[in-house]
Amino acid sequence: MLIWGTPILVIVAGVFFFGDHLLRSFADAYLGKDASIESRLPRMVEAAREKVGTMVDANTRLDGVRQGSANQMVYEYTILNVPTLRDLNPSADLAAVKERIRARGCEHEYAKFIVRHNVNMLYEYRAVNGERLMEVELTKANCRL
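Residues numbered from 1 in each chain as written. Predicted model: local features only at pLDDT ≥ 70, side-chain atom pairs only at ≥ 80, totals over all residues. Heavy atoms only, no water.

1. Brief notes about unusual backbone geometry
Although it is not a glycine, N118 sits at a positive phi angle of roughly 65 degrees. For N118, the position within the fold is in the loop between α5 (109–116) and β3 (120–126). Since its relative accessible area comes to 40%, N118 is described here as partly exposed. Even without being glycine, R144 reaches a positive phi, approximately 55 degrees. Here R144 is to be found in the segment after α6 (140–143). (Helix = DSSP H or I, 4+ residues; strand = E, 2+ residues; numbered from the N terminus. Buried < 20%, exposed > 50% of the residue type's maximum accessible area, 1.4 Å probe, protein only.)

2. Examining the nonpolar core
Grouped together as the largest cluster of nonpolar side chains are 31 residues, with contacts concentrated most on M73, Y75, M121, Y123, Y125 and L138. Secondary-structure elements contributing two or more residues to this core are α3 (37–48), β1 (60–67), β2 (72–79), α4 (94–107), α5, β3 and β4 (132–138). The leading source of residues in this core is α5, at five residues. (Core = buried A, V, L, I, M, F, W, Y, C linked by side-chain atoms within 4.5 Å.)

3. With respect to the confidence of the model for the protein
Overall, the predicted model of the protein reaches an average pLDDT of 81, with 74% of residues at or above 70. A low-confidence stretch, residues 1–10 (pLDDT under 50), is modelled with 25 contacts involving residues beyond four sequence positions or located in other chains. (pLDDT = per-residue confidence, 0-100. Contact = heavy atoms within 4.5 Å.)

4. Some thoughts on α5
The buried count for α5 comes to six of eight residues, which makes it a mostly enclosed element. Buried residues of α5: Y110, A111, K112, F113, I114 and V115, and no others. N118 sits one or two residues past α5 and shows a positive phi near 65 degrees.

5. Focus on the packing of aromatic side chains
Applying the stated criterion to the full structure yields three aromatic pairs. Between Y77 and Y123, the ring centres sit 6.1 Å apart and the planes meet at 50 degrees, which makes this aromatic pair tilted. Of this pair, Y77 sits in strand β2 while Y123 sits in strand β3; the two residues are 46 residues apart in sequence, bridging distant segments of the chain. Look at Y123 and you get buried, because its relative accessible area is 1%. The rings of Y75, Y77, Y123 and Y125 are connected pair by pair, giving a single aromatic cluster. (Phe/Tyr/Trp six-rings, centres within 6.5 Å; stacked < 30°, edge-to-face > 60°.)

Spelled out as structure tokens, the structure:
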């Protein structure tokens, strides 16, 4: 049974492990000559896909990056030590976990750069069997940018 309180700091830190490398790639893609988000976002997603398959920490793997809505990047994570949703500790405070991830994300330079340019970031966390565990979204509003 997973207790999210202990490994959450590793997960929070790991989510942004890719940030510095990707910030440079995104800056190159984002600051291209095209004016619209719609034309730049696919290049940003492609740059982020270079890290798919990478272990964020001992239990978290980045499994995909895709474009969600017209201005949204979606990061898909699998928590490898959670086979199914039933394996989560029922006393785990997922609302607190989500808030910590959101707060940490909003402080990270990579995320701030992306969100300031009107691209929302959605982190999807899934169990090994694909069941949704939680989602965390970073926007200008919830990052107070």
